[in-house]
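# A closer look at the structure
Each chain is listed here by its residues.
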Amino acid sequence: MQTKAKVIKNIEVAPKYYRIILFCPQIVKEALPGQFLEIKVTEKIEPFLRRPFSINRISGKHIEILYEIKGKGTRLLSRIRAGNYLDIIGPLGNGFSYQPKLSQGKIILVAGGMGVAPLFFLAGKIKEIKNQKSKIKNLVLIGAKTKKQVLCEQEFKKMGYEVRIATDDGSGGFKGTVTELLKKMLSDFGLRPSIIYACGPRPMLKALSVLSARRNINTQVSLEEHMACGIGACLGCVVKLKTQKSKGKIDFEYRRVCKDGPVFDAREVVW
Ligand SMILES: Cc1cc2nc3c(=O)[nH]c(=O)nc-3n(C[C@H](O)[C@H](O)[C@H](O)COP(=O)(O)OP(=O)(O)OC[C@H]3O[C@@H](n4cnc5c(N)ncnc54)[C@H](O)[C@@H]3O)c2cc1C
Ligand code: FES
């Protein structure tokens, strides 16, 4: 659905990181965790292409997005003031699947940098559907370059999640990558999660998928690709996937991250 969303707030939450709140009741009704919006960041011609952003949170009739200034498009977005309107398309893509059966065990969310954005929305949904009597505490691992760049830590804790941090420079939590932290936690505490949900840079997701495949842990990853149309028409965002055919024969196929994803089973992705 294409609509004009009113900007309610657009504020810097950490150096170069912003939170924008949009009033868009129609999209709110349909949005699911892992889905994203395509935002036209300016009314001018340049940049011509919309930019994709994950839905970070839904509150009432509002959608919140967390974004990092990367280039021209996100810089322009950061300059939009409250009261203005943005042309958006959404909700787009296939999000995370969170069957109640899998939710009965321990769930681990692994976020690298801005990967926290869709996982936060998912964390809220999991909390809604998870058996209230369950004593199992779900875990969130957040990786960032420095402590200042760790986002949503307190919000996850408020929702009842156990949160562990990994930073590249050791300024907060474990010193190293979030995947190294996950490996350590799986080994040291003998964790046996029923499912891992992850979002972050591709090398992180690749390392994580190797780790979880070795332990045979069900893992869903949300991929990022450069997107031109965002609606499945241009084939600019395809990724190669392995598909298991009959008699164990492996086949390959190309799927669109924007339309068939962005969430895929980690075992299927050809990294
Ligand atoms: C499904 C999806 C969800 C996303 N969710 C978020 C989010 O919640 N918050 C957020 O901050 N960002 C998110 N991104 C990434 C975001 O779309 C890009 O950072 C943004 O489009 C950059 O636009 P720009 O004009 O500022 O930068 P550009 O000038 O276009 O590029 C600046 C740098 O960012 C890289 N880049 C640009 N677009 C992408 C992309 N799609 N994937 C990977 N690298 C890219 C470029 O290679 C370049 O190095 C998401 C991307 C996808 C595909
Ligand atoms: S961005 Fe055009 S098909 Fe995915």
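Up top you'll find the structure we're talking about.
What counts and what doesn't
- Each chain carries its own residue numbering, running from 1 in the written order of its sequence.
- Chain labels run from A onward and ligand labels from 1 onward, assigned in the order the entries are written.
- Per-residue local features of the predicted model are confined to residues with pLDDT of at least 70, and side-chain atom pairs are confined, for both listing and counting, to 80 or more; whole-chain, interface and lining totals are unaffected and use all residues.
- In computing side-chain properties, one takes all heavy atoms of the structure into account and sets aside hydrogens as well as water.
- The rule is simple: put a 1 Å grid over the protein atoms alone, call a set of points where a 1.4 Å probe fits but cannot get out a cavity, call an open set with protein on both sides within 12 Å along at least five of seven lines a pocket, and count a residue as lining if it has an atom within 4 Å of a point.
- Grid points are joined across faces, edges and corners, and a volume is the space filled by probe spheres set on the points.
- Helix numbering and strand numbering both begin at the N terminus, where a helix is a DSSP run of H or I of at least 4 residues and a strand a DSSP run of E of at least 2.
- Each residue receives one of three labels: charged for Asp, Glu, Lys and Arg, nonpolar for Ala, Val, Leu, Ile, Met, Phe, Trp, Tyr, Cys and Pro, and polar for the others, Gly being one of them.
- For this description, a residue counts as near a given molecule or strand if any of its non-hydrogen atoms is within 4 Å of it.
- Definition of a polar contact: a pair of N or O atoms within 3.5 Å, with one able to donate and the other able to accept a hydrogen when the atoms are protein atoms, and with sequence-neighbouring residues admitted only if both atoms are side-chain atoms.
- The method behind every accessible area is Shrake-Rupley, applied with a 1.4 Å probe, and residues are considered shielded solely by the protein chains displayed.
- A pocket or cavity is taken to hold a molecule when more than half of that molecule's atoms are within 2 Å of the pocket's grid points.
- Start and end positions for the domains come from either an automated domain assignment or a database one.
- By the convention used here, strands pair only if DSSP detects at least 2 bridges between them.
- Axis definition: a line fitted to C-alpha atoms, limited for helices to the stretch in contact. Angles are taken between N-to-C directions and run from 0 to 180 degrees.
- Note on angle classes: values under 35 degrees are labelled roughly parallel, values over 145 roughly antiparallel, values of 65 to 115 roughly perpendicular, and the remainder oblique.
- Take the far helix as your reference; a near helix turned counterclockwise from it by less than a right angle gives a left-handed crossing, and one turned clockwise gives a right-handed crossing.
- Note on contacts: a residue pair is in contact if any heavy atoms of the two residues lie within 4.5 Å.
- Relative accessible area decides the class of each residue, using a 1.4 Å probe on protein chains only: under 20% of the type maximum gives buried, over 50% gives exposed, and in between gives partly exposed.
- Seen with its strands pointing away from the viewer, a crossover is right-handed if its path from the first strand over the helix to the second goes clockwise.

The calculated volume of the largest pocket comes to roughly 1,400 Å³. Taken together, 47 residues form the lining of the largest pocket, with Glu68, Lys70, Met114, Pro201 and Glu224 sitting closest to its centre. Those elements that place two or more of their residues in the lining of the largest pocket are β4 (51-54), β6 (62-68), α2 (72-78), α4 (116-129), β9 (139-144), α6 (178-188) and α7 (202-214). The class makeup of the residues in the lining of the largest pocket is 21 nonpolar, 16 polar and 10 charged.

Here we take up the site of ligand 1. What surrounds ligand 1 is a group of 19 residues, the closest being Arg51, Pro52, Leu66, Gly73 and Thr74. Between ligand 1 and proline 52 there is a distance of 2.6 Å, counted from an oxygen atom to a backbone nitrogen or oxygen. Contacts to ligand 1 include serine 54, whose backbone N or O atom sits 3.0 Å from a nitrogen atom. Protein chains bury 77% of the 860 Å² of accessible surface belonging to ligand 1 in isolation. Using a 2 Å cut-off from the grid points, one finds that ligand 1 occupies the largest pocket. If you tally residues by element for the shell around ligand 1, the top one is β4, at 4 residues. A domain split of the shell around ligand 1 shows at least three residues from each of domain 1 (2-92) and domain 3 (224-271).

Before going further, it helps to spend a moment on the sheet that holds strand β13 (residues 219-222). On the basis of which strands lie adjacent, the open sheet formed by 7 strands has the order β11-β10-β9-β8-β12-β13-β16 and mixed pairing. The open sheet has two edge strands with one neighbour each: β11 (174-175) and β16 (263-265). In terms of strand pairing, strand β12 (residues 195-199) meets β13 through 4 bridges, oriented parallel. Pairing of tyrosine 197 across the sheet is with glutamine 220, part of β13.

Before going further, it helps to examine the packing of α6 against α7. Running from amino to carboxyl end, α6 crosses α7 at an angle of 20°, the nearest separation of the two axes being 9 Å. Taken as axis vectors, α6 and α7 run roughly parallel relative to one another. The chirality of how α6 crosses α7 is right-handed. When α6 is examined against α7, the residues Val178, Thr179, Leu182, Lys183 and Leu186 are found in contact with a partner set consisting of Met204, Ala207, Leu208 and Leu211. Considering only residue class, the contact of α6 with α7 consists of 7 nonpolar, 1 polar and 1 charged.

Within a regular strand, the side chains alternate between the two sheet faces. Of the two faces of β13, the one carrying Thr219 and Val221 and the one carrying Gln220 and Ser222 are both buried. Handedness of the β12-α7-β13 crossover: right-handed. With 3 bridges connecting them, β13 and β16 associate as antiparallel partners. Bridge pairing in β16 places valine 221 opposite phenylalanine 264.

Note that every value here comes from positions in space, so none of it alone points to a role or purpose.
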